[in-house]
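# Structural overview
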Amino acid sequence: PALEVTAVLGYLLWFLLGFMFYAAAYATLAALVSRPEEVQSAVAPINVFQIGAYLLAYVFLANQSSPLALVASVLPPFAPILMAVRISVGDVPPWQMGLALVLIVASIAGLIWLAGRIYANAAMRIGTRVRFMDAFRG
């Protein structure tokens, strides 16, 4: 099918927002570890969300009226992938797009703040893995 300029701009927007969201999420969890060998296990929960969003895209393509896919496309961990799929289908109401944009931008800001707080509290603890709540409290 022919691509519209608005669809391409929508893909680019969701790619950039998804990149910033997942980069901030990875930075938040990676700040908890002090050795490179521990990073993979620390960021495993984020990988689960990415794989889940990818699989939900297939659920949405198979059944476009699925409530699960429609609700998940608004939630920040899933929105960068699922909104691009919904844009390609062409059935995204403006209020859902706006809600998804507000939620993901707020999530990016919150994750950046959280990553900074965790890194500031965990940077001086060398040698052991820091628990999330210990790094959050300081």
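Worth saying up front: this structure is predicted, and the values here are computed from it rather than measured. (Residues numbered from 1 in each chain as written. Predicted model: local features only at pLDDT ≥ 70, side-chain atom pairs only at ≥ 80, totals over all residues. Heavy atoms only, no water.)

Looking only at helices and strands, the protein features 7 helices and 0 strands. Beginning at the N terminus, the succession of helices and strands in the protein can be written as α-α-α-α-α-α-α. Long-range contacts, defined as pairs at least 24 residues apart, comprise 62% of the intrachain contacts of the protein with a sequence gap of at least 6. (Helix = DSSP H or I, 4+ residues; strand = E, 2+ residues; numbered from the N terminus. Contact = heavy atoms within 4.5 Å.)

Time to look at the packing of aromatic side chains. Tallying each qualifying case throughout the model produces 3 aromatic pairs. Centroid distance Phe 21 to Tyr 22: 5.2 Å. Interplanar angle 80°. Geometry classified as edge-to-face. Each member of the pair, Phe 21 as well as Tyr 22, carries the same accessibility label: buried. Between Phe 49 and Phe 78 the ring centres are 5.9 Å apart and the planes differ by 65°, which places this aromatic pair in the edge-to-face class. (Phe/Tyr/Trp six-rings, centres within 6.5 Å; stacked < 30°, edge-to-face > 60°. Buried < 20%, exposed > 50% of the residue type's maximum accessible area, 1.4 Å probe, protein only.)

What follows covers the packing of helix 1 (residues 5–30) against helix 6 (residues 94–122). Geometrically, a packed helix pair is captured by the angle between its two axes and the distance between the axes. Running from N to C, helix 1 and helix 6 point in directions that differ by 30°, and their axes come no closer than 8 Å. Judged by the inter-axis angle, helix 1 sits roughly parallel to helix 6. The chirality of how helix 1 crosses helix 6 is left-handed. In this structure, helix 1 uses Leu 13, Trp 14, Leu 17, Met 20, Phe 21, Ala 24, Ala 25, Ala 27 and Thr 28 to contact helix 6, whose residues at the interface are Met 97, Ala 100, Leu 101, Ile 104, Val 105, Ser 107, Ile 108, Leu 111, Ile 112, Leu 114, Ala 115 and Ile 118. Its residues assigned to classes, the contact of helix 1 with helix 6 shows 19 nonpolar, 2 polar and no charged. (Axes fitted to C-alpha atoms, helices over the stretch in contact; angles between N-to-C directions. Parallel < 35°, antiparallel > 145°, perpendicular 65-115°, else oblique. Left-handed = near helix turned anticlockwise from the far one by under 90°. Nonpolar A, V, L, I, M, F, W, Y, C, P; charged D, E, K, R; others polar.)

Now for the nonpolar core. Ranked by size, the top nonpolar core spans 23 residues in total, and within it Trp 14, Phe 21 and Ile 104 carry the most contacts. Here this core gets 8 residues from one element, more than from any other, and that element is helix 1. Among all residues touching Trp 14, those that are not within four sequence positions of it are Ala 79, Pro 80, Met 83, Ile 87, Met 97, Ala 100, Leu 101 and Ile 104. (Core = buried A, V, L, I, M, F, W, Y, C linked by side-chain atoms within 4.5 Å.)

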